[in-house]
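This is what each chain is made of:
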Amino acid sequence: MPGAILVLSGPSGAGKSTIIHTASDAIGEYYFSISTTTRSPRVGESDGKDYFFVSRESFEEDIKLGNFLEYAQVHGNYYGTSLKPVEAALKKGKLVIFDIDVQGHRLIREKLNGITTSVFVTPPTLVELEERLHSRRTDDDAVIQKRLSNATEEICAISEYDFVIVNGTVEQAATEFIIVANAARLKCSRDEEEAFIKKWLGDK
Ligand code: 5GP
């Protein structure tokens, strides 16, 4: 497929969406993969924009039908990437951006390693993550504790990623993200490389 994939992972509260939003005008045309989830919408989130919010039954039906490129259980809820829109965007040669967890990243690597670039986004420290989760006031204490304990596990997978962005200030993180997104676009699949070599050699 002619397109490229950029996976962003990192704890909830790391600022991934803000970074994408801040950098979006500077990274050219891209397709952001909107995930499907069984978790409830937070205040300010809307269906079809942040996520497709569905019931467990509907999610499990989609699993059976093979509609997901990847899916995982995170914090007790299902999260998944629908296959068809991603396939269509890749066929059009687009950069497809995913905000998925470390399990999802591993599954994408298994299936589409050749065209995948990945970046792990994290606040400078666990203490800062906790402060951010409390200050955004979207989750109760039990949910925050679950997210923090998940984050301490996820940070151990940092070496599986091509790049790490430590989100100290949004401006700095967005500048680094623009560099990573441009690098992701330059990644060629094996097929593209072989086609290029053939063309480069001409009749020789
Ligand atoms: P949140 O509930 O904070 O929106 O997301 C929780 C976690 O689920 C985050 O780490 C986020 O990256 C991850 N996530 C969101 N969508 C997907 C998805 O489609 N697949 C996987 N594997 N993880 C996802």
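For the structure, check the block above.
My aim in this report is to walk through the structure given alongside it, one point at a time. (Residues numbered from 1 in each chain as written. Predicted model: local features only at pLDDT ≥ 70, side-chain atom pairs only at ≥ 80, totals over all residues. Heavy atoms only, no water.)

## Examining the overall build of the protein chain
A tally of regular secondary structure across the protein chain gives 8 helices and 9 strands. Relative to a compact globule of 204 residues, whose C-alpha radius of gyration would be 17 Å, the protein chain shows 18 Å and is just as compact. Expressed as a percentage of the 204 residues in the protein chain, the buried residues total 41%. For the protein chain, long-range pairs separated by at least 24 residues make up 69% of all intrachain contacts whose partners lie at least 6 apart in sequence. A total of about 11,200 Å² of accessible surface is found on the protein chain, and carbon and sulfur atoms cover 54% of it. Within the protein chain, the 31 negative side-chain charges are centred at a point lying 5 Å from the centre of the 24 positive side-chain charges. (Helix = DSSP H or I, 4+ residues; strand = E, 2+ residues; numbered from the N terminus. Rg over C-alpha atoms; globule rule 2.2 N^0.38 Å. Buried < 20%, exposed > 50% of the residue type's maximum accessible area, 1.4 Å probe, protein only. Contact = heavy atoms within 4.5 Å. Areas by Shrake-Rupley, 256 points an atom, 1.4 Å probe, with all protein chains shown as cover. Lys, Arg positive; Asp, Glu negative; His and termini not counted. Charge placed at Lys NZ, Arg CZ, Asp CG, Glu CD.)

## Some words on the packing of aromatic side chains
Scanning the model with the defined rule gives 8 aromatic pairs in all. With 6.1 Å between their ring centres and 50 degrees between their planes, F68 and Y71 make a pair best called tilted. When its relative accessible area of 35% is taken as the criterion, Y71 is described as partly exposed. Through successive ring pairs, a cluster of aromatic residues spans F59, F68, Y71 and Y78. (Phe/Tyr/Trp six-rings, centres within 6.5 Å; stacked < 30°, edge-to-face > 60°.)

## Points about the pattern of salt bridges
Within the structure shown, the criterion is met by 10 salt bridges. Between R39 and E45 there is a salt bridge; the shortest N-O distance is 2.8 Å. Note on R39: relative accessible area 7%, which makes it buried. As a salt-bridge pair, R109 and D162 come within 2.8 Å of each other at their nearest N and O atoms. (Salt bridge = Lys/Arg side-chain N within 4 Å of Asp/Glu carboxyl O.)

## Let's talk about the pairing of strand β8 (residues 116-122)
With 7 of its 7 residues buried, β8 lies for the most part within the structure. The pairing of strand β1 (residues 4-9) with β8 spans 5 bridges and is parallel. Across the sheet, the residue bridging to S9 is F120, located in β8. Pairing analysis gives 4 bridges linking β8 to strand β9 (residues 163-166), with the strands arranged parallel. Residue pairing across strands places F120 opposite V164, the latter belonging to β9. (Pairing = 2+ DSSP bridges.)

## Brief notes about the sheet that holds β8
Pairing in this open sheet of 5 strands is parallel, and the strands run β2-β7-β1-β8-β9 from one edge to the other. Edge positions in the open sheet fall to β2 (30-32) and β9, since each of these has one partner strand only. Averaged over all pairs of adjacent strands, the angle between strand axes in this sheet comes to 25 degrees, irrespective of strand direction. Across the sheet, helix α3 (residues 83-91) lies against β1, β2 and β7 (95-99), angled at about 150 degrees from β7, the strand it touches most. Across the sheet, helix α4 (residues 102-112) lies against β1, β7 and β8, angled at about 170 degrees from β8, the strand it touches most. (Axes fitted to C-alpha atoms, helices over the stretch in contact; angles between N-to-C directions.)

## Description of the site of the ligand
Lining the immediate environment of the ligand, one finds 19 residues, of which S35, R39, Y51, Y79 and D99 sit closest. Side-chain polar atom of K16 to an oxygen atom of the ligand: 3.2 Å apart, as the coordinates give it. One of the side-chain nitrogen or oxygen atoms of R39 is found 2.7 Å away from an oxygen atom of the ligand. Burial of the ligand by the surrounding chains reaches 96%, relative to a free accessible area of 510 Å². Elements with a minimum of two residues in the shell around the ligand: β5 (68-74) and β6 (77-82). Residue classes in the shell around the ligand are distributed as 5 nonpolar, 7 polar and 7 charged. (Near = heavy atom within 4 Å. Polar contact = N/O pair within 3.5 Å; in protein donor to acceptor, adjacent residues only side chain to side chain. Nonpolar A, V, L, I, M, F, W, Y, C, P; charged D, E, K, R; others polar.)

## Regarding a nonpolar patch on the surface
Taken together, the side chains of F196, I197, W200 and L201 define a hydrophobic patch exposed on the protein surface, amounting to about 490 Å² of accessible area. Its place among the elements puts F196 in helix α8 (residues 190-201). Residue classification places F196 among the exposed residues on the basis of a relative accessible area of 54%. (Patch = residues over 30% accessible without salt bridge, like charges linked within 9 Å, V, L, I, M, F, W, Y side chains within 5 Å.)

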